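Here's the letter readout for the chains.
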Amino acid sequence: MVIMPRRLYQVVNCTIDSLEQCSRNFQKDGFLILEDVIGIDVADKILNQVEVLSRSLCELNNLVVEQTGYLTLVKNKRSAAGAIFNAINKSPSLNRFLFSVQFQKAAEILLNSKFVLAPPRQMNLRTDHPLETNHLYPWHFDYAYNGSSTNSLVFWVPLTAVDEEIGSLHVLTGSHMQSHEISINRKEIDQRKNSALYFEIENMESSLDIFTEERLNLSFGQGVVFHSNLLHKSGQNLSTKTRFAAQSRWFDATSQDSARNHFRGGIDEGVDPNLYIN
């Protein structure tokens, strides 16, 4: 895996064994663009597994496949589509990628830690379906959900090229350096139906005035690593295809706050968010 500074056309790029300059960019901007982070064989295998699982449930529910089995379930039997999300996250192929040594080494360097942890409940394949908005996250930062350590990061790797039509990742450069006040929607948390509604950033307009918004359009094979305190969101998928993105989260096991949290991962692992935010 090659890691490049944020601006894709800079002459200097960094390998996984030579991240000093890129690490400084990560500390300053809160994110880096990654090159050659996933191969076509790995991506195709995961996507094929999603389709195999989906078509088996289409057959079980007597559904005629239209376009893809997954989208057929989304349109006709949403609970079954939810089962596919849960099932693919048990895939050894996906998990070998999410827990790969390349991510571990990069996390150790970027977090300046000799020991990093990767919570299983925070590893997944996110799916965003055409024209859907119900589960589209507004501006947020991952620490609100994960709460493992303030010294933590996320690898976001789409399994296809992404642009503003299918929904690029939007980030506010440098916003990880600012503390964020958020309101907690206790009703939504108790219902556990839509995690996109759990939190709301207060004074978001001020952050949009202060920080520069970048929309990260990526070619296949590229991904993003960003700090867990970075404000970001996904653009709406305006295409006719599902957007798939692997999400791999890591935190510094040697940090004092991770020890205070007993190395647990926030609301994702049953911890009350009032205990670690605001």
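Analysis parameters
- Residues numbered from 1 in each chain as written.
- Predicted model: local features only at pLDDT ≥ 70, side-chain atom pairs only at ≥ 80, totals over all residues.
- Heavy atoms only, no water.
- Helix = DSSP H or I, 4+ residues; strand = E, 2+ residues; numbered from the N terminus.
- Rg over C-alpha atoms; globule rule 2.2 N^0.38 Å.
- Buried < 20%, exposed > 50% of the residue type's maximum accessible area, 1.4 Å probe, protein only.
- Contact = heavy atoms within 4.5 Å.
- Areas by Shrake-Rupley, 256 points an atom, 1.4 Å probe, with all protein chains shown as cover.
- Lys, Arg positive; Asp, Glu negative; His and termini not counted.
- Charge placed at Lys NZ, Arg CZ, Asp CG, Glu CD.
- Core = buried A, V, L, I, M, F, W, Y, C linked by side-chain atoms within 4.5 Å.
- pLDDT = per-residue confidence, 0-100.
- Salt bridge = Lys/Arg side-chain N within 4 Å of Asp/Glu carboxyl O.
- Expected span 1.5 Å × (residues − 1).
- Arc of directions from axis to C-beta.
- Pairing = 2+ DSSP bridges.
- Axes fitted to C-alpha atoms, helices over the stretch in contact; angles between N-to-C directions.
- Phe/Tyr/Trp six-rings, centres within 6.5 Å; stacked < 30°, edge-to-face > 60°.

1. Brief notes about the overall build of the chain
Move 1: Within the chain, the secondary structure is distributed over 10 helices and 13 strands.
Move 2: Taken over C-alpha atoms, the radius of gyration comes to 18 Å for the chain, in line with the 19 Å a tight globule of 278 residues would show.
Move 3: Considering the chain as a whole, with its 278 residues, one finds that 53% of them fall into the buried category.
Move 4: The long-range share in the chain, meaning contacts at least 24 apart out of those at least 6 apart in sequence, stands at 81%.
Move 5: Carbon together with sulfur atoms contributes 49% to the accessible area of the chain, which is approximately 13400 Å² in total.
Move 6: Placing the 26 positive and 31 negative side-chain charges of the chain at their respective mean positions leaves the two points 5 Å apart.

2. Regarding the nonpolar core
As a rule of thumb, soluble globular proteins bury nonpolar side chains together.
Move 1: L125, L153, F155, V225 and W250 are the most contacted members of the largest nonpolar core, which totals 38 residues.
Move 2: With five residues, helix α2 (residues 40-60) is the largest single contributor of residues to this core.

3. Topic: the confidence of the model for the chain
Move 1: Per-residue pLDDT for the chain has a mean of 90; in total, 92% of the residues score no lower than 70.
Move 2: Strand β2 (residues 14-15) is the least confidently modelled element of the chain, averaging 48 in pLDDT, while α2 averages 98, the highest of any element.
Move 3: This model gives residues 3-15 a pLDDT under 50, and the stretch forms 40 contacts once residues within four places in sequence are excluded.

4. Section: the pattern of salt bridges
Side-chain pairs of opposite charge can arise where the charged atoms are in close proximity.
Move 1: Counted by the stated rule, this structure contains nine salt bridges.
Move 2: A salt bridge links R55 to E51; the nearest nitrogen and oxygen atoms lie 2.8 Å apart. Of this pair, R55 and E51 are both found in helix α2, four residues apart, which corresponds to roughly one turn of the helix.
Move 3: Given the relative accessible area of 18%, E51 is considered buried.
Move 4: Salt-bridge contacts for E164 lead to R215; the nearest nitrogen and oxygen are separated by 2.9 Å. You can see E164 sitting in the loop between β6 (152-158) and β7 (169-172) and its partner R215 sitting in strand β10 (residues 213-216), a full 51 residues away along the chain.
Move 5: For E164, a relative accessible area of 41% corresponds to the partly exposed category.
Move 6: Linked by salt bridges that have partners in common, R126, D128 and R243 make up one network.

5. A word on α2
Move 1: For α2, which comprises 21 residues, the first-to-last C-alpha distance of 30 Å matches the rise-based estimate of 30 Å (1.5 Å per residue) to within 8%.
Move 2: The complete set of buried residues in α2 reads A43, I46, V50, E51, S54, L57 and C58. In a view along the axis of α2, the buried residues occupy a sector of 135°, so they form one face of it. Projecting away from the buried face of α2 at angles above 90 degrees are the exposed residues D41, V52, E59 and L60.
Move 3: Against α3 (69-76), α4 (78-88), α5 (92-98), β5 (124-128) and β13 (243-252) lie the buried residues of α2.

6. Brief notes about the sheet that holds strand β12 (residues 232-234)
In any sheet, the strands associate via hydrogen bonds between backbone groups, in a parallel or an antiparallel arrangement.
Move 1: In space, the three strands of this open sheet follow the order β10-β7-β12, with antiparallel pairing throughout. Here the strands that pair on one side only, and so sit at the sheet edges, are β10 and β12. Mean inter-strand twist for the sheet, computed between neighbouring axes without regard to direction, equals 20°.
Move 2: Pairing of β7 with β12, which is carried by three bridges, proceeds in the antiparallel orientation. Looking at the pairing, L169 lines up with S234 of β12.

7. Points about the packing of aromatic side chains
Move 1: For the coordinates displayed, the defined rule picks out eight aromatic pairs.
Move 2: Here F103 and F155 contribute two aromatic rings whose centre-to-centre distance is 4.4 Å and whose plane-to-plane angle is 25°, an arrangement assigned as stacked. Linking F103 in helix α6 (residues 101-110) with F155 in strand β6, this pair joins segments that are 52 residues apart in sequence. Across the pair, exposure class does not vary: F103 and F155 are buried alike.
Move 3: For the pair Y145 and F199, a centre-to-centre distance of 4.9 Å together with 85° between the ring planes defines the contact as edge-to-face. Of this pair, Y145 sits in helix α7 (residues 143-146) while F199 is found in strand β9 (residues 199-201), placing the two residues 54 residues apart along the sequence. In this pair, the class of Y145 matches that of F199, namely buried.
Move 4: Every member of this aromatic cluster is reached through a ring pair, and the members are Y137, Y145, Y198 and F199.

8. Structural notes on unusual backbone geometry
Move 1: Even without being a glycine, Q67 presents a positive backbone phi close to 70°.
Move 2: If you trace the backbone, Q67 turns up in the loop between α2 and α3.
Move 3: Positive phi is not limited to glycine here, since H262 has a value of about 55°.
Move 4: Summarising the element assignment, H262 is placed in the segment after α10 (256-260).

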